[in-house]
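Coordinate inspection notes
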Amino acid sequence: SGRSKDPTNLEVGDAMEQKKLFKHSSKDHQWRETLDSYGMQLSIYFDEIEKATECYEMLKDVEMGLMKASVVHHVRLFCFSLICIENFRTTKLRRFKSEAKKHMDALRDLVENGAINVTHKLQLVKAEFLSLSTMDDVLPKYEMAIKSASRAGFLHDGALYNYLCAKFCLRNDSLQDSADNYLVQSCELYESWGAMAVASSIRSRHPDVFVGVLSMSHKRASTGHRSRSHFRGSIT
């Protein structure tokens, strides 16, 4: 939410201070795994692929056991796919492409077996994977994933998909003018979700796009459901 000097650093802050209240146990490795898993997601939001890759290498061979039945499993597969695709794009190491395909196939299996909340994730990964080999007819696939995430109410996924679509447009000379709109949409969705630090990061990396565009923190507060906290502070 922006209340941290470095939001991708999970080694310091309130959560780590709380951990000091508990005695060490044989399950400390689970705490490390949780930090790597969440850190990987945050690094993707902030486009810190090097940090995300470090977490990926720590997590990719972890046996999930019963956790395969949880949301954590498909989120990891989704993140794994994006990280491997981006690494292949920049390094051309074939292992990343084959690993990306493996994770994407696992996502496809989940969708084919009825995991309806994973459909838009698979659509986005397929668009990203296709963009490795062609620029033709890829933009509609990004837009399909964006629409699917928006209709299902996944603000954070919609924000990320808009950002990745903008990056695709920036790599294509004929689509660069379209990138601005996707960047603005990404920022607005992250702000609606409450991820102010991510939105601020996008603004700082693309300052020319946001000249004259106010952030949500400077707009008049909305009474819509998106402006409300998901949880009451007194309860959490």
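Predicted, not measured: the structure shown is a model, and the values here were computed from it.

Helices and strands together make up the secondary structure of the protein chain, namely 10 helices and zero strands. Starting at the N terminus and ending at the C terminus, the protein chain contains elements arranged as α-α-α-α-α-α-α-α-α-α. By the burial criterion, 42% of the 236 residues in the protein chain qualify as buried. By sequence separation, contacts in the protein chain at least 24 residues apart represent 59% of the contacts at least 6 residues apart. As displayed, the protein chain offers around 14,000 Å² of accessible surface, 54% of which is attributable to carbon and sulfur atoms.

Turning our attention to the layout of surface pockets. Here the second largest pocket defines a volume of roughly 250 Å³. In terms of lining residues, the second largest pocket is bounded by 14 residues, among which K60, V62, K68, H73 and L77 are the most central. Tallying contributions element by element places helix α4 (residues 71-91) first for the lining of the second largest pocket, with four residues. Its residues assigned to classes, the lining of the second largest pocket comprises six nonpolar, two polar and six charged.

Between helix α7 (residues 139-152) and helix α8 (residues 155-170), the shortest axis-to-axis distance is 8 Å and the interhelical angle comes to 165 degrees. Judged by the inter-axis angle, α7 sits roughly antiparallel to α8. Helix-helix and strand crossings are classified by hand; for α7 and α8 the assignment is left-handed. Taken together, the residues of α8 that come into contact with α7 (itself represented by L139, Y142, A145, I146 and A149) are D157, G158, Y161, N162, L164, C165, F168 and C169. When grouped by side-chain class, the residues that make up the contact of α7 with α8 number 10 nonpolar, two polar and one charged.

Now for the pattern of salt bridges. Overall, the coordinates contain 16 salt bridges when judged by the stated rule. Salt-bridge contacts for R95 lead to E99; the nearest nitrogen and oxygen are separated by 3.0 Å. Of this pair, R95 and E99 are both found in helix α5 (residues 94-112), four residues apart, which corresponds to roughly one turn of the helix. The exposure class assigned to R95 is partly exposed, which follows from its relative accessible area of 35%. For E99, a relative accessible area of 14% translates into the label buried.

Thresholds, definitions, all that
- Residues numbered from 1 in each chain as written.
- Predicted model: local features only at pLDDT ≥ 70, side-chain atom pairs only at ≥ 80, totals over all residues.
- Heavy atoms only, no water.
- Helix = DSSP H or I, 4+ residues; strand = E, 2+ residues; numbered from the N terminus.
- Buried < 20%, exposed > 50% of the residue type's maximum accessible area, 1.4 Å probe, protein only.
- Contact = heavy atoms within 4.5 Å.
- Areas by Shrake-Rupley, 256 points an atom, 1.4 Å probe, with all protein chains shown as cover.
- 1 Å grid on protein atoms, 1.4 Å probe; cavity = no way out; pocket = protein on both sides within 12 Å on 5 of 7 lines; lining within 4 Å.
- Points joined across faces, edges and corners; volume = space filled by probe spheres on them.
- Nonpolar A, V, L, I, M, F, W, Y, C, P; charged D, E, K, R; others polar.
- Axes fitted to C-alpha atoms, helices over the stretch in contact; angles between N-to-C directions.
- Parallel < 35°, antiparallel > 145°, perpendicular 65-115°, else oblique.
- Left-handed = near helix turned anticlockwise from the far one by under 90°.
- Salt bridge = Lys/Arg side-chain N within 4 Å of Asp/Glu carboxyl O.

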